[in-house]
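Structure assessment
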Amino acid sequence: GDSVTQMEGPVTLSEEAFLTINCTYTATGYPSLFWYVQYPGEGLQLLLKATKADDKGSNKGFEATYRKETTSFHLEKGSVQVSDSAVYFCALSAGTGGFKTIFGAGTRLFVKA
Amino acid sequence: SQTIHQWPATLVQPVGSPLSLECTVEGTSNPNLYWYRQAAGRGLQLLFYSVGIGQISSEVPQNLSASRPQDRQFILSSKKLLLSDSGFYLCAAGWGAGTDTQYFGPGTRLTVL
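Here the structure is a predicted model, which means the values were calculated and not measured.

1. Quick word on the packing of aromatic side chains
According to the stated counting rule, one finds 12 aromatic pairs over all chains in the structure shown. Residues Y36 of chain A and F104 of chain B carry aromatic rings whose centres are separated by 5.8 Å and whose planes lie at 80 degrees to one another, so their mutual orientation is edge-to-face. Taken together, the residues span two chains, with Y36 of chain A in strand β5 (residues 32–38) and F104 of chain B in strand β10 (residues 102–104). Across the pair, exposure class does not vary: Y36 of chain A and F104 of chain B are buried alike.

2. Section: the interface of chain B and chain A
At the interface, 23 residues of chain B touch 21 residues of chain A. Both faces considered, chain B and chain A share a buried interface measuring about 1600 Å² in area, 55% of it formed by carbon and sulfur atoms. Put simply, K100 of chain A and E59 of chain B hold a salt bridge, and the shortest N to O gap is 3.2 Å. Our count for the chain B to chain A interface comes out at five residue pairs in polar contact (both at pLDDT 80 or more). Of the residues that constitute the side of chain B that touches chain A, the class distribution is 11 nonpolar, nine polar and three charged.

3. Comments concerning the pairing of strand β5 (residues 44–52) of chain B
Residue and element names in this part refer to chain B. Taken across its nine residues, β5 has seven buried, putting it largely inside the fold. Of the strand pairs in this sheet, strand β4 (residues 32–38) and β5 are connected by six bridges, and their pairing is antiparallel. Along β5, the bridge assignment pairs R37 with Q45. Taken together, β4 and the strand that follows it, β5, pair antiparallel across an intervening segment of five residues, in which G41 is found at a positive phi of about 70 degrees. Pairing of β5 with strand β6 (residues 55–58) involves three bridges; the strand directions are antiparallel. Within β6, the residue paired with Y49 across the bridge is S57.

4. A short note on unusual backbone geometry
Between G9 of chain A and P10 of chain A the backbone carries a cis peptide bond, its omega angle lying at 0 degrees. Note the cis peptide between W7 of chain B and P8 of chain B, where omega equals 0 degrees. Considering the arrangement of structural elements, one finds P8 of chain B in the loop between β1 (3–7) and β2 (10–13). In this structure, E16 of chain A takes a positive phi of about 80 degrees despite not being glycine. Residue placement: E16 of chain A occurs in the loop between β2 (11–14) and β3 (19–21). Backbone geometry places N30 of chain B, a non-glycine residue, at a positive phi of 60 degrees. Looking at the element boundaries, N30 of chain B is found in the loop between β3 (19–26) and β4.

What counts and what doesn't
- Numbering of residues begins from 1 in every chain and follows the order in which that chain's sequence is written.
- As a convention, the first chain written is A and the first ligand written is 1, with the rest following in written order.
- Local features in a predicted model are, by the rule used here, given only for residues with pLDDT of at least 70; side-chain atom pairs are given and counted only at 80 or more, and totals for whole chains, interfaces and linings are based on all residues.
- In computing side-chain properties, one takes all heavy atoms of the structure into account and sets aside hydrogens as well as water.
- Aromatic contacts are taken between Phe, Tyr and Trp rings whose centres are within 6.5 Å, Trp giving its six-membered ring; a plane angle under 30 degrees counts as stacked, one over 60 as edge-to-face, and the others as tilted.
- Put simply, DSSP H or I for four residues or longer makes a helix, DSSP E for two residues or longer makes a strand, and each gets a number counted from the N terminus.
- The classification of residues rests on relative accessible area computed with a 1.4 Å probe and restricted to protein chains. Under 20% of the type maximum is buried, over 50% is exposed, and intermediate values are partly exposed.
- A contact between two residues is defined here by any heavy atoms of the two lying within 4.5 Å.
- Summed over both partners, the accessible surface that disappears when two parts come together, traced with a 1.4 Å probe, is what is meant by buried area.
- In what follows, salt bridge is the name for a side-chain nitrogen of Lys or Arg lying within 4 Å of a carboxyl oxygen of Asp or Glu.
- Pairing of N or O atoms within 3.5 Å defines a polar contact, subject to two protein rules: one partner must be a possible hydrogen donor and the other a possible acceptor, and residues neighboring in sequence count only if both atoms are side-chain atoms.
- Three classes are used: nonpolar for Ala, Val, Leu, Ile, Met, Phe, Trp, Tyr, Cys and Pro, charged for Asp, Glu, Lys and Arg, and polar for all others, with Gly counted as polar.
- At least two bridges found by DSSP between two strands are what make those strands a pair.

Dropping the structure here:
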């Protein structure tokens, strides 16, 4: 079945450091790919998404490119801030009529001042 | 815009007691609705989803049940809680064929003692 694998955390960075969180997926068909973010004690919210190969999603300085050849959707940010500390989830949703979104296990990011 | 409401925000219940968590959706009608559980420090586990009134699909056999009495109301229940039911419960809504963004509520923190 479909699955999402993302790097284990926690990831600890200093403010203004470069961030990469790796995400790879296995899916049949042509899924849409997502990054969600969860701040402490809150629900998830969409950070960015891409719906087809080579699309780049971007928001709040974060970027991710849908790479079909490597089945990857790595999240990057050039300069992290303390306020970026959160848990980040990579996810895919089926393009073949399925109603479910498959989430990765989540990666916790700590950013130190 | 789509807003997902959940209540209560926190709940402490004794083992063996019943449970009822409610989720309501503001915005566009005919959402697909989802219940997830997130154990401490873990990823999301899909419990139930619903594509219409009275239509419930269960993903994980357990002592929980779900109901959808109205188009934008989704209820998670249990007749007798177990210690292992403790966790953070998230309701989500999506529209379309499953390839679209999911919108999450703020979550309910359930502690079973």
